[in-house]
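# A structural walkthrough
Residue-level listing of the chains:
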Amino acid sequence: MSPSKFDPEALLRLCSIPRIGSTRIRALMARFGNPDNVLNAPHRQLTQVDGIDTTLARYIRKGGDQAFAREQMKRLRQTGAFLKSLWDDHYPPLLKRIASPPVLLWVLGEPKSLIQQGIAVVGTRIPTSYGQLIAENLTLEIVREPLTIVSGLARGVDTIVHRTVVNQGGCTVAVLGSGVDVIYPRENQKTAQRIVEKGALLSEFPLGSKPEATNFPRRNRIIAGMTLGTLVIEGGVKSGALITAEYALEQNREVFAVPGHINNPKCAGCNLLIQEGAKLVRNVDDIFDELKGLSPSAHHKQQDIPLSGIEKRIYEQLNYEPRHIDVIARDCNISTHEILSVLLSLELKNLIRQMPGKNFLRI
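A brief look at the structure comes next.

The rules behind each value
- Residues numbered from 1 in each chain as written.
- Predicted model: local features only at pLDDT ≥ 70, side-chain atom pairs only at ≥ 80, totals over all residues.
- Heavy atoms only, no water.
- Buried < 20%, exposed > 50% of the residue type's maximum accessible area, 1.4 Å probe, protein only.
- Helix = DSSP H or I, 4+ residues; strand = E, 2+ residues; numbered from the N terminus.
- Pairing = 2+ DSSP bridges.
- Right-handed = clockwise from strand over helix to strand, strands pointing away.
- Lys, Arg positive; Asp, Glu negative; His and termini not counted.
- Salt bridge = Lys/Arg side-chain N within 4 Å of Asp/Glu carboxyl O.
- Polar contact = N/O pair within 3.5 Å; in protein donor to acceptor, adjacent residues only side chain to side chain.
- Contact = heavy atoms within 4.5 Å.
- Core = buried A, V, L, I, M, F, W, Y, C linked by side-chain atoms within 4.5 Å.
- Axes fitted to C-alpha atoms, helices over the stretch in contact; angles between N-to-C directions.
- Parallel < 35°, antiparallel > 145°, perpendicular 65-115°, else oblique.
- Left-handed = near helix turned anticlockwise from the far one by under 90°.

## Concerning the pairing of strand β5 (residues 172–175)
By the alternation rule, side chains of β5 split into T172 and A174 and V173 and V175, which are all buried. In the sheet, strand β4 (residues 148–151) pairs with β5 via three bridges, with the strands oriented parallel. Note that in β5 the partner of S151 across the bridge is A174. The β-α-β motif built from β4, the intervening helix α8 (residues 157–167) and the parallel element β5 has right-handed crossover chirality. Where β5 lies against strand β6 (residues 200–203), three bridges are found, and the strand directions are parallel. Across the sheet, V175 pairs through a bridge with L202, a residue of β6. Crossover connection from β5 via helix α9 (residues 189–198) to parallel β6: handedness right-handed.

## Quick word on the side chain of R253
Take R253: it is sitting in the loop between α11 (240–250) and β8 (254–257). Buried charge without a partner: R253 forms no salt bridge, and the closest opposite charge is E254, 9.4 Å away. Side-chain polar atoms of R253 contact the backbone oxygen of G225, separated by 2.6 Å. Those residues in contact with R253 that lie beyond four places of it in its chain are L94, R97, I98, A224, G225, M226, T227, L228, G229 and A248.

## So, the nonpolar core
Formed by 38 residues in total, the largest nonpolar core has its most connected members in L14, I20, L28, L46, I52, I60 and W106. For this core, the secondary-structure elements that each account for two or more residues are α1 (8–15), α2 (21–32), α3 (35–40), α5 (54–61), α6 (66–79), β2 (104–109) and α9. With 30 residues, the next largest nonpolar core counts Y91, V173, V232 and A245 among its residues.

## Observations regarding the packing of α1 against α6
The interhelical angle for the contact between α1 and α6, taken along N-to-C directions, is 135 degrees, at an axis separation of 8 Å. Taken as axis vectors, α1 and α6 run oblique relative to one another. Of the two possible hands of crossing, α1 and α6 adopt the one that is right-handed. Residues P8, E9, L12 and R13 of α1 form the contact with α6, whose participating residues are Q66, F68, A69, R70, Q72 and M73.

## Things to note about the sheet that holds β5
The strand order β1-β2-β6-β5-β4-β3-β7-β8-β9 describes an open sheet built from nine strands, whose pairing is mixed. Pairing within the sheet leaves two strands with one partner each, and these edge strands are β1 (82–85) and β9 (279–280). Where strand β3 (residues 118–123) and strand β7 (residues 229–233) come together, four bridges link them in parallel fashion. Counted as the bridge partner of G123 is I233 from β7.

## Description of unusual backbone geometry
In terms of backbone geometry, most residues other than glycine have negative phi values and most peptide bonds are trans. Here Y184 and P185 are connected by a cis peptide whose omega angle stands at -5 degrees. Take P185: it is sitting in the loop between β5 and α9. At E234, a position not held by glycine, the phi torsion is positive, near 65 degrees. Structurally, E234 can be placed in the loop between β7 and α11. E234 gets classed as buried once you look at its relative accessible area, which sits at 3%. Unusually for a residue other than glycine, N252 sits at a positive phi of about 60 degrees. Assignment of secondary structure puts N252 in the loop between α11 and β8.

Written out as structure tokens, the structure is:
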């Protein structure tokens, strides 16, 4: 890990001052050079900085919350996490360009993962079978590139994305709405442990912070802010995924959306984004065509696979929504016992997938 440019305890004290915020801290640092100088500056000089009134200058002169700073330093040593300030190496370069970048990031994992080019992939917490399949397949394609895939470690699409990346040995960053030592949801503990092997857990919230509801919109601005673009795979019009896309638009980043069923509320957000100008995504090339400066490798397209007559007949009965084996058998006028071996053959050819409850769909 590269060392922090400034004394981390002094930065923690500075950030703990009430009402100070990112913009004021940056103005103070520009004037005084480092956090120790800010905390020790005379009252009169502090009030000469834009945004620093007499009351805030008094707070700064008190030196911030020393107990908080010391407790955070202790937790950092215990967890193996580290701090990255806005002025440090390995602070996400694109995140510096947003209107109000976090002054401090708490990180657990590989610092180099924070400075690689990345793309955000987000979506609903309760995806359809189609959404699950698309999330996995598009992630499998993206992970072949030298990109960091960023998401929020939430249930549903986020979890599928992170797990797919780590299973492929790729790099992913999970941006949390809690401290990096407070994994939410709890069932993602093992996934989080695997993420830090090549990627990182990242948060602007101090160690020990609980996953409060108000934290997640702030989390979403970081997901969008540290990436070249945001891909949304299913999400309602008021979902967190749509909030992330809105931040991406505000930050002049690309927005991609996978179209969905017009009558499904979980797809309404993506369809709305496309209607408003987001790039419609049919495959990974639709993403890379828009991301300037990237040179995606040649993707291995699935070649036409020869099928027997009965295989072709059954395959044509399937689509991207799961169908039960009994329904397929009835529509093909074939016994369930006979059709099972054909479905297995199609699955081995990587053309279909079996879902829970003896349901099958195309890949």
